[in-house]
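# Coordinate inspection notes
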Amino acid sequence: MCPKRAAGFALALILLVLASMPAINQAATKIVGGSDNWRFGFNYSDWAHKNGPFYQNDTLVFKYDPPNSTTFPHSVYLLENNTSYQACELKNATLVANQTQGGGTGFEFVLCEIKDYYFACGERNGTHCSTGLMKFVVRPLEPCLS
Ligand SMILES: [Cu+2]
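The text that follows walks through the structure, step by step, so that each part is easy to find. (Residues numbered from 1 in each chain as written. Predicted model: local features only at pLDDT ≥ 70, side-chain atom pairs only at ≥ 80, totals over all residues.)

The subject of this paragraph is the overall build of the chain. Helices and strands together make up the secondary structure of the chain, namely 5 helices and 7 strands. Put simply, the chain runs from its N terminus to its C terminus through helices and strands in the order α-α-β-α-β-β-α-β-β-β-α-β. Every one of the 146 residues in the chain was classed for burial, and the buried ones make up 27%. Considering only intrachain contacts with a sequence separation of at least 6, the fraction spanning at least 24 residues in the chain is 71%. (Helix = DSSP H or I, 4+ residues; strand = E, 2+ residues; numbered from the N terminus. Buried ≥ 20, exposed ≤ 12 C-beta atoms within 10 Å, placed from the backbone. Contact = placed C-beta atoms within 7 Å.)

Rendered as structure tokens:
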């Protein structure tokens, strides 16, 4: 990009950021599972019900240790639809965060769209999703501008 255009682009970007600030200020960051983080056997559907509503541009943080000798590896997938969600079917699922991405401060996922997000752990062929309850649905609401 040439300098003149870059300057114009930067100005446009600043204006865009300023214009969208009320929405940014309202966006929340929530750690999935709270202090339980992302683990086997915690009821995440229950967590989602208790910690909603979620809004567009909110950030979900998935925290889980990278594979080691004392913990199960975990991951984060988006399942295709409600049918695959109910069955914990990973065949057409999309990998969102691999086994190591939940380490440290965790993996951040921004709820950019207003749609149903079917989250699940993809480990052990769906067993973490079904037996381990590592799944939940989120449908963000449109942020209201006050
Ligand atoms: Cu898992």
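Reading across the sheet, the 3 strands line up as β1-β2-β5 and stay open at both edges, with mixed pairing between neighbours. With one partner strand each, in any of the chains shown, β1 (29–31) and β5 (107–110) form the two edges of the open sheet. Mean inter-strand twist for the sheet, computed between neighbouring axes without regard to direction, equals 25°. Here β1 runs beside strand β2 (residues 59–62); their pairing, made up of 3 bridges, is parallel. When the bridges of β2 are listed, T29 appears paired with T59. (Pairing = 2+ DSSP bridges. Axes fitted to C-alpha atoms, helices over the stretch in contact; angles between N-to-C directions.)

Judged by nonpolar contacts, the single largest core of 26 residues is most densely connected at F62, V76, F119 and A120. Elements represented by at least two residues in this core include exactly α3 (44–51), β2, β3 (76–78), β6 (117–120) and β7 (135–138). The leading source of residues in this core is β6, at 4 residues. In this structure, F62 is in contact with V32, W38, V76, A97, G102, G106, F107 and F109, ignoring residues within four places of it in sequence. (Core = buried A, V, L, I, M, F, W, Y, C linked by C-beta atoms within 7 Å.)

The subject of this paragraph is the sheet that holds strand β4 (residues 94–97). As summarised here, the arrangement of the 4 strands in space is β4-β3-β6-β7, forming an open sheet in which the pairing is antiparallel. Each edge of the sheet is formed by a strand with only one pairing partner; in this case those strands are β4 and β7. Ignoring strand direction, the axes of neighbouring strands in this sheet form an average angle of 30°. In terms of strand pairing, β6 meets β7 through 4 bridges, oriented antiparallel. Each bridged residue has a counterpart across the sheet, and for F119 the counterpart in β7 is F136.

Cis geometry marks the peptide bond from G52 to P53, where omega comes out at -5°. Along the chain, P53 turns up in the loop between α3 and β2. With a phi close to 55°, R124 is a non-glycine residue in the positive phi region. With respect to the helices and strands, the residue R124 is situated in the loop between β6 and α5 (127–130). A tally of 15 C-beta atoms within 10 Å means that R124 is categorised as partly exposed.

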